[in-house]
Amino acid sequence: MKNFKFSALLFAVVALLSFSSQAQTFKRGDKILNAGVGLLYLGAYANAEFAIEDNIGIGPMVGYTYYNAGVLSGYSGDYSYGQFRVGARGAYHLGDVLNVRDNSVDPYVAVGAGLLFDRNNYTYNAGTGNVTYGTRTGIFINPRAGARFPLGNNLSGFAEVGWGGSWVTAGISLGL
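Everything numeric in this text was worked out from a predicted model, so none of it was measured. (Residues numbered from 1 in each chain as written. Predicted model: local features only at pLDDT ≥ 70, side-chain atom pairs only at ≥ 80, totals over all residues. Heavy atoms only, no water.)

1. Quick look at the environment of D96
Considering the arrangement of structural elements, one finds D96 in the loop between β4 (78-93) and β5 (106-125). At 2.7 Å, the side chain of D96 forms a polar contact with the side chain of N55. (Helix = DSSP H or I, 4+ residues; strand = E, 2+ residues; numbered from the N terminus. Polar contact = N/O pair within 3.5 Å; in protein donor to acceptor, adjacent residues only side chain to side chain.)

2. Section: the pattern of salt bridges
Applying the stated criterion to the full structure yields six salt bridges. Close ionic contact of D106 with R148 constitutes a salt bridge, the shortest N to O distance being 3.4 Å. Placement of the pair is D106 in strand β5 and R148 in strand β6 (residues 130-152), with a sequence separation of 42 residues. Under the relative-accessibility criterion, R148 is labelled buried at 1%. The salt bridge involving R144 is made with E160; its shortest N-O contact spans 3.3 Å. Of this pair, R144 sits in strand β6 while E160 sits in strand β7 (residues 155-162), placing them 16 residues apart in sequence. Residues joined by salt bridges that share partners form a network here, namely E49, D106 and R148. (Salt bridge = Lys/Arg side-chain N within 4 Å of Asp/Glu carboxyl O. Buried < 20%, exposed > 50% of the residue type's maximum accessible area, 1.4 Å probe, protein only.)

Structure (structure tokens):
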């Protein structure tokens, strides 16, 4: 199953980056607010991106992911977890590198880093209701690849693939 997910992720990245239509320019001074949902794991995600140079943006990010595995094979209980992330993210917009000429797509790569607050719940005996909880706070790094697709004046849709939260995220971007 992991090989299938990795293959699907790789295919999506190649498909996003191989558009021959061209990228929306991301210039110094641009500001974008992104809000999306996880498509493989339930979650919500938001970040702001401020262009500090042409094609380079940085800003804060926040996200929450929830996963419930249901009944685990060979066990008598359920497993679920919730993850809350807060940190910063940097992105490099690939329009110039890929020789993109129009505004129909804005491909980019990004990496976020910050604090991860994790809570695991595992019911190991469904009959008695005994539950163990595990919590941790750690550091996360989540590389992503994605693209924005203009929908109107200052409004775009976006799709991302990569580690962190959900393997696939989609949402809207608002130019400020």
